[in-house]
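Residues per chain are reported as follows:
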Amino acid sequence: DTEVTQTPKHLVMGMTNKKSLKCEQHMGHRAMYWYKQKAKKPPELMFVYSYEKLSINESVPSRFSPECPNSSLLNLHLHALQPEDSALYLCASSHMANSNQPQHFGDGTRLSIL
Amino acid sequence: EDQVTQSPEALRLQEGESSSLNCSYTVSGLRGLFWYRQDPGKGPEFLFTLYSAGEEKEKERLKATLTKKESFLHITAPKPEDSATYLCAVPSGFSGGYNKLIFGAGTRLAVHP
């Protein structure tokens, strides 16, 4: 079992739907991340939150909207997604965004866009 | 530009056949190197952090080592349950002070009985 919990594990949605992915960690970490991973590729960074503030947006389309309600929770709001957005979405956390400590990942949400 | 290259891309071993995976890196000012294991449909599981050349870390059948240019993940007498994709990653300096993780493409290891 990982210490970063993501829900749901699987999500199928149409291109006009609005849905949200959720992530929770209770390790006291102050940095949280969203990654996108396509099959047989390494994770690609999307967003970084440091002390609940958005620090990095890796030029992600606006149909992805992150939110960090508190230091333990991270959401990713989805709207009007495209078929190419189908992927495994991973959440991670680390002690601080500028530290050399490792990031710890959840098991992801498998997203399929019809 | 900071880069991480892993080899081989895929490796097939018989149970008990020891081998090594390679991670070569080019980064300005190494601030650590991380090894992860990823099973299909799961997130990467943290294995080791190495911070300086000459450092070694061990966990069960795995041993990670670090030089100034590369890291090796040695697998001794592997078992089928060691089958997974192994990723290495380094933090890369960023203008905002944030260390972005640069991942290698991974090595897909299959251990057959």
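You'll find the structure just up there.
Residues numbered from 1 in each chain as written. Chains lettered and ligands numbered in written order. Predicted model: local features only at pLDDT ≥ 70, side-chain atom pairs only at ≥ 80, totals over all residues. Heavy atoms only, no water.

Caption draft 1: The sheet that holds strand β8 (residues 70–75) of chain B, seen in detail. Residue and element names in this part refer to chain B. The sheet built from five strands is open, its strands ordered β1-β3-β8-β7-β6 with antiparallel pairing. Two strands close off the open sheet at either side, each with one partner strand: β1 (3–7) and β6 (56–59). Each strand axis lies, on average, 15 degrees off the axis of its neighbour in the sheet, ignoring direction. Where strand β3 (residues 19–26) lies against β8, six bridges are found, and the strand directions are antiparallel. Note that in β8 the partner of L21 across the bridge is L73. (Pairing = 2+ DSSP bridges. Helix = DSSP H or I, 4+ residues; strand = E, 2+ residues; numbered from the N terminus. Axes fitted to C-alpha atoms, helices over the stretch in contact; angles between N-to-C directions.)

Caption draft 2: Local environment of the state of the cysteines. All names here are of chain A. Within the structure shown, the criterion is met by two disulfides over all chains. Between the sulfur atoms of C23 and its disulfide partner C91 the distance amounts to 1.9 Å. Handedness here is read from the sign of the S-S torsion; for C23 and C91, about -70 degrees, the answer is left-handed. A residue pair is termed long-range when its members are at least 10 positions apart, and C23 in strand β3 (residues 18–25) and C91 in strand β9 (residues 87–94) qualify at 68 residues. Across the pair, C91 and C23 agree in class, each one buried. No disulfide involves C68; its sulfur sits 9.1 Å from the nearest other cysteine sulfur, which is in C91. (Disulfide = S-S within 2.5 Å. Buried < 20%, exposed > 50% of the residue type's maximum accessible area, 1.4 Å probe, protein only.)

Caption draft 3: Expanded view of the sheet that holds strand β1 (residues 4–7) of chain A. Residues and elements named next belong to chain A. As summarised here, the arrangement of the four strands in space is β1-β3-β8-β7, forming an open sheet in which the pairing is antiparallel. The open sheet has two edge strands, β1 and β7 (64–70), and neither has a second partner. Averaged over all adjacent pairs, the angle separating strand axes in this sheet is 20 degrees, with direction ignored. In this sheet, β3 lies alongside β1 in antiparallel orientation, the contact comprising four bridges. Looking across to β3, one finds that Q6 is bridged to C23.

The values are spatial; any link to function lies outside them.
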